[in-house]
Amino acid sequence: MAEREEVNIDQATFDKAIAEGKPERVARALAKSAYVRKTKGPAGPGVKKEAAAAAPAEGAPAAAAAGAPAASAAPAATAVAERLTPEQRAARVAAATGRTSGGNGGGGRGLSGEQVHRLLAVVPPEGIQRTVKRQDDKVNVWPHLLSAEFLSLLLCTAFVLVFSTFVHAPLRFLANPSLTPNPSKAPWYFLGLQELLRYFHPMVAGVTIPGLGLFGLMALPYADKNPSMQPSRRKLAIILFTMFMMFWTVLVVIGVAFRGPGYNWIWPWDSGLYFDL
């Protein structure tokens, strides 16, 4: 490859450039350019006719005369630019475009007449397009979940201990099959179902309504697929849970305070409270 490159350069031009103190790369480029001009030769008749038809008669000699110096001036300008410092190059570009380096102009004309553009600012992608962030509301089970559950366990244990200390709630006597208490009430957590028996048939109050409630709770995760954990976005779940709690609380309160002997309706401030813990 080295011998082939030596053949494709003009040795006289190369020696002259080296003698003038130019770098070897610049000298080789000048020699290659001179070799191409020599081997190209004069243009053929067809090329001359096309050039004459494309340009006016007076301007053709001037264009042909200006073409040769331009070909030889390009490597020389490249050699000069390589020996300049970055500050000198910036000064030349500023002088060619007619603007200073500290100006706010958007562009200008270079030495070759090409449009020169300048970078004014870099806009981050968030300013021109919307970026959707990944949901990062997940936490580890330990210590976030288990620590909260352990704290709840301690609070519930303390509440039961304090309640059992200050509230007298002894065990009742053994059940007597020959003596039925009046009124006979279920524990408070079953008083809602016992209250339903006063309004519906036992099949409806004891089987149908509780069964529908259980099936509704099982189907609720499939009906409400909202993954949000914020109460403001779970309106359907909050409304259903609130309605169930209000409905069940009313039934329990009626069974505890407003039912007396024979499980009939009474006013607790007149007849007293027929309910034991």
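Definitions and limits used
Residues numbered from 1 in each chain as written. Predicted model: local features only at pLDDT ≥ 70, side-chain atom pairs only at ≥ 80, totals over all residues. Heavy atoms only, no water. Helix = DSSP H or I, 4+ residues; strand = E, 2+ residues; numbered from the N terminus. Buried < 20%, exposed > 50% of the residue type's maximum accessible area, 1.4 Å probe, protein only. Contact = heavy atoms within 4.5 Å. Areas by Shrake-Rupley, 256 points an atom, 1.4 Å probe, with all protein chains shown as cover. Patch = residues over 30% accessible without salt bridge, like charges linked within 9 Å, V, L, I, M, F, W, Y side chains within 5 Å. Salt bridge = Lys/Arg side-chain N within 4 Å of Asp/Glu carboxyl O. Expected span 1.5 Å × (residues − 1). Phe/Tyr/Trp six-rings, centres within 6.5 Å; stacked < 30°, edge-to-face > 60°. pLDDT = per-residue confidence, 0-100. Core = buried A, V, L, I, M, F, W, Y, C linked by side-chain atoms within 4.5 Å.

**Structural notes on the overall build of the protein**
Then comes step 1: When you go through the protein residue by residue, the secondary structure sums to 11 helices and two strands.
Then comes step 2: In the protein, the succession of α and β elements from N to C terminus is α-α-α-α-α-α-β-β-α-α-α-α-α.
Then comes step 3: Relative to its 277 residues, the protein shows a buried fraction of 16%.
Then comes step 4: Counting only contacts in the protein whose residues sit at least 6 apart along the sequence, the fraction spanning at least 24 positions is 40%.
Then comes step 5: In the form shown here, the protein has an accessible surface area of approximately 22400 Å², with 66% of it arising from carbon and sulfur atoms.

**Focus on the environment of Tyr35**
Then comes step 1: By the secondary structure assignment, Tyr35 is in helix 3 (residues 24-40).
Then comes step 2: The class of Tyr35 is partly exposed, set by a relative accessible area of 28%.
Then comes step 3: When the C-alpha positions of Tyr35 and Ala12 are compared, they lie 9.9 Å apart, and in sequence the two are 23 residues distant.

**A few points about a nonpolar patch on the surface**
Then comes step 1: Taken together, the side chains of Tyr199, Phe200, Met203, Val204, Val207 and Ile209 present a nonpolar region at the surface, about 520 Å² in accessible area.
Then comes step 2: Take Ile209: its relative accessible area is 31%, and that puts it in the partly exposed class.

**Side note on helix 10 (residues 235-257)**
Then comes step 1: Between its first and last C-alpha atoms helix 10 spans 33 Å; for 23 residues at 1.5 Å apiece the expected length is 33 Å, and the two agree.
Then comes step 2: The complete set of buried residues in helix 10 reads Leu251, Val252, Ile254, Gly255, Val256 and Ala257.
Then comes step 3: Of the surrounding secondary structure, the elements contacted by the buried residues of helix 10 are helix 8 (191-196) and helix 11 (268-271).

**Notes on the environment of Gly272**
Then comes step 1: Its location among the elements puts Gly272 in the segment after helix 11.
Then comes step 2: It is 9.3 Å that separates the C-alpha atoms of Gly272 and Phe258, two residues lying 14 residues apart in sequence.
Then comes step 3: Not counting chain neighbours up to four residues away, the residues in contact with Gly272 comprise Ile266 and Trp267.

**Remarks on the packing of aromatic side chains**
Then comes step 1: Throughout the structure, instances matching the rule amount to nine aromatic pairs.
Then comes step 2: Summarising the aromatic geometry, the rings of Trp267 and Trp269 are spaced 5.2 Å apart at their centres and angled 25° between planes, so their arrangement reads as stacked.
Then comes step 3: You can call Trp267 partly exposed: its relative accessible area is 42%.
Then comes step 4: One aromatic cluster is present, built from ring pairs that chain together Phe258, Trp265, Trp267 and Trp269.

**Things to note about the confidence of the model for the protein**
Then comes step 1: Of the residues in the protein, 63% have a pLDDT of 70 or more, and the chain-wide mean is 75.
Then comes step 2: Of the regions scoring below 50 in pLDDT, residues 100-106 engages in 12 contacts with residues more than four places distant in sequence or in other chains.

**Some words on unusual backbone geometry**
Then comes step 1: A cis amide bond links Trp142 to the next residue, Pro143, at an omega of 10°.
Then comes step 2: Among the structural elements, Pro143 can be located in helix 7 (residues 141-166).
Then comes step 3: Cis geometry is adopted by the peptide bond preceding Pro183, which originates at Asn182 and carries an omega value of 5°.
Then comes step 4: In the Ramachandran plot, Tyr263 falls in the positive-phi region, its phi being about 55° despite a non-glycine side chain.
Then comes step 5: Mapped onto the secondary structure, Tyr263 falls in the loop between helix 10 and helix 11.

**Some points on the nonpolar core**
Then comes step 1: Residues Ile9, Phe14, Ala17, Val26, Ala27, Leu30 and Ala31 constitute the largest nonpolar core, which totals seven residues.
Then comes step 2: Elements represented by at least two residues in this core include exactly helix 2 (11-19) and helix 3.
Then comes step 3: Looking at this core element by element, the count peaks at four residues for helix 3.
Then comes step 4: Setting aside anything within four residues of it in sequence, one finds Ala31 in contact with Ile9, Asp10, Thr13 and Phe14.
Then comes step 5: In terms of nonpolar packing, the next biggest core, distinct from the first, is built from five residues, Leu191, Val252, Val256 and Phe275 among them.

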